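# An overview of the molecular structure
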Amino acid sequence: MQMTKKTVSKELPPKKTVPPIGLVRGMRDLLPDDQPLWHLMRRKAQELVEAYGFERIDTPIIEETALFVRGVGKQTDIVEKELFSFDTVGGEHVSLRPEGTASVMRAYIHHGMFNQPQPVKLWYLGPMFRHDRPQHGRYRQHQQFGCEVLGDADAVIDAQLILIAHLFYKELGIDATVQVNSIGMPESRANYKNALVSFFRSRRNRLSEEDKRRLAKNPLRVLDSKDPAVEEMKAEAPQIVDWLDEESKGHFMRVLEYLDELNVPYQLNPYLVRGLDYYAKTVFEFYANSSDQTLAQASLGGGGRYDGLSDLLGGRPTPAVGFSVGLDRVLNCLKAAKIEVPERTTDIFVAQLGEQGRKKAFAVFEEFRKAGIAASETFGKGAIKAQMEIANRKKVKYAIIIGQKEVIDGTAIIRDMDAGTQEIVDVRKVVQEVKKKLEKTKV
């Protein structure tokens, strides 16, 4: 008897799925949909600073941690809680830069820029990093645009920087107001700190644990508190303007006079101190005039004078002042105001049919590019109908069509998309012919 093998079917084990990798908390992608607004901000920043004689500087994203401990301040929130710090394989203790000013001053000292004609006017634009609690408009990697003027103590420089920041917001279509104050020199500020500590200690039972810690370590930071109890107490607290030395008073009055002359709207805020140790004399912050409280309560940017920072970093005494703008928050304002950026348009669309037509169209497209004529294409599509539909959506003036027959004849078709007419030209002269047509339409 012949035995037959029984076929046994086996089920394949389920295919293992690989989980997708997400974003690191607090980070984000700057997606193509937002790039027109990012480009607008970058372009406006560059146009403004170049008009005022600033030169670009790009400092490393990674610096020695000591730079920020000494420059920004050991007891500031940035250094205590927000630094991305780590040790390298070689044993170096480094941090991702949380702001730009300390790095710019380090570069100024390191490269001997004090030997150049003063002042040195520098600007930067790029990512900064803070290990802060992510929230609306605040990311652990965020983009900043900033300006620094090193080597000039005159009040007109403070006013000019406030003006540049004001113009940046204004020309983007954002209604913003600058709040200004003077925190004086270190000596007068020390006396004010003593008065402030005495005031809040007598009301210590009304302070949160966080504000009690600030009062002990960095008393001026209590004025930054958003606690309603502190807001209420501030109305009776000592104001730093009453403790300013004569030099700081005179300097601040000149800043305000320049702002008045320039018609820059500002508000005096006697409780504005800024959170970094290197500030002295003038300090300022910009806020959006918006019905959206989330936007109105978040600083869009700010800055001030930091004449003592060079000394802290081992350099020679150097007066300096600067500002930085949080571009992520500016982006939110642009979106809220529904600021529209004109789409990049092209006048020419290069279409093709067949493999030989595609090769030739590929080369013709490069000729348009070299001639400075913006063109568009969809070389991955083969159907001429689909390509012409895209050309219509792009609202181009002319479509250049090259198929198998045109390759053999050495020609190209120029189709007027508005009139619906077309003509055949020598492919070697197609760029020249299109250029003539475009020039006529501009007349």
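Cut-offs applied
Residues numbered from 1 in each chain as written. Predicted model: local features only at pLDDT ≥ 70, side-chain atom pairs only at ≥ 80, totals over all residues. Heavy atoms only, no water. Patch = residues over 30% accessible without salt bridge, like charges linked within 9 Å, V, L, I, M, F, W, Y side chains within 5 Å. Areas by Shrake-Rupley, 256 points an atom, 1.4 Å probe, with all protein chains shown as cover. Salt bridge = Lys/Arg side-chain N within 4 Å of Asp/Glu carboxyl O. Helix = DSSP H or I, 4+ residues; strand = E, 2+ residues; numbered from the N terminus. Buried < 20%, exposed > 50% of the residue type's maximum accessible area, 1.4 Å probe, protein only. Pairing = 2+ DSSP bridges. Phe/Tyr/Trp six-rings, centres within 6.5 Å; stacked < 30°, edge-to-face > 60°. Lys NZ or Arg CZ within 6 Å of the ring centre and 35° of its normal. Axes fitted to C-alpha atoms, helices over the stretch in contact; angles between N-to-C directions. Parallel < 35°, antiparallel > 145°, perpendicular 65-115°, else oblique. Left-handed = near helix turned anticlockwise from the far one by under 90°. Contact = heavy atoms within 4.5 Å. Nonpolar A, V, L, I, M, F, W, Y, C, P; charged D, E, K, R; others polar.

Turning our attention to a nonpolar patch on the surface. Together, Ile61, Ile62 and Phe86 give the surface a local cluster of nonpolar side chains, amounting to about 230 Å² of exposed area. Within the secondary structure, Ile61 sits in the loop between β1 (55–56) and β2 (62–64). For Ile61, a relative accessible area of 34% translates into the label partly exposed.

This next bit is on unusual backbone geometry. In terms of backbone geometry, most residues other than glycine have negative phi values and most peptide bonds are trans. Residue Gln118 is joined to Pro119 through a cis peptide bond whose omega torsion reads 0 degrees. Positionally, Pro119 belongs in the loop between α4 (101–110) and β5 (120–129). Even without being glycine, Asn263 reaches a positive phi, approximately 60 degrees. Note that Asn263 resides in the loop between α9 (246–261) and β8 (266–268). Its identity is not glycine, yet Lys281 carries a phi of approximately 60 degrees, on the positive side. Tracing the backbone shows Lys281 in the loop between β8 and β9 (282–288). Looking at Lys281, the relative accessible area reads 4%, which means it is buried.

Our next topic: the pairing of strand β4 (residues 93–96). The sheet contact formed by β2 and β4 spans 3 bridges and is antiparallel. Across the sheet, residue Ile62 finds its bridge partner in β4, namely Leu96. As defined by bridge partners, strand β3 (residues 84–87) adjoins β4 across 4 bridges and the pair is classed as antiparallel. Of the residues in β4, the one forming a bridge with Phe86 is Val94.

With the rule as written, the count across this model stands at 10 aromatic pairs. Judged by centre distance (6.3 Å) and plane angle (70 degrees), the ring pair of Tyr108 and Phe114 falls under edge-to-face. A relative accessible area of 2% means that Tyr108 is categorised as buried. Overall, Phe114 belongs to the partly exposed group, its relative accessible area being 23%. Put simply, the rings of Trp123, Phe145, Phe168, Tyr169, Phe284, Phe286 and Phe323 pair up and form one aromatic cluster. A cation over an aromatic ring shows up here: Arg28 above the ring of Tyr139, its NZ or CZ 4.2 Å from the ring centre. Sitting over the face of the ring of Trp123, Arg56 holds its NZ or CZ atom 4.9 Å from the ring centroid.

Turning to the packing of helix α1 (residues 35–51) against helix α5 (residues 155–172), a few remarks are in order. Where α1 meets α5, the closest approach of the two axes is 10 Å, and the angle between their N-to-C directions is 140 degrees. Classified by the angle between their axes, α1 and α5 sit oblique to one another. As for how α1 packs across α5, the hand of that crossing is right-handed. Only Ile164, Leu167, Phe168, Glu171 and Leu172 of α5 make contact with α1, whose side of the interface consists of Leu40, Met41, Lys44, Ala45 and Leu48. Looking at the contact of α1 with α5, its residues break down into 8 nonpolar, no polar and 2 charged.

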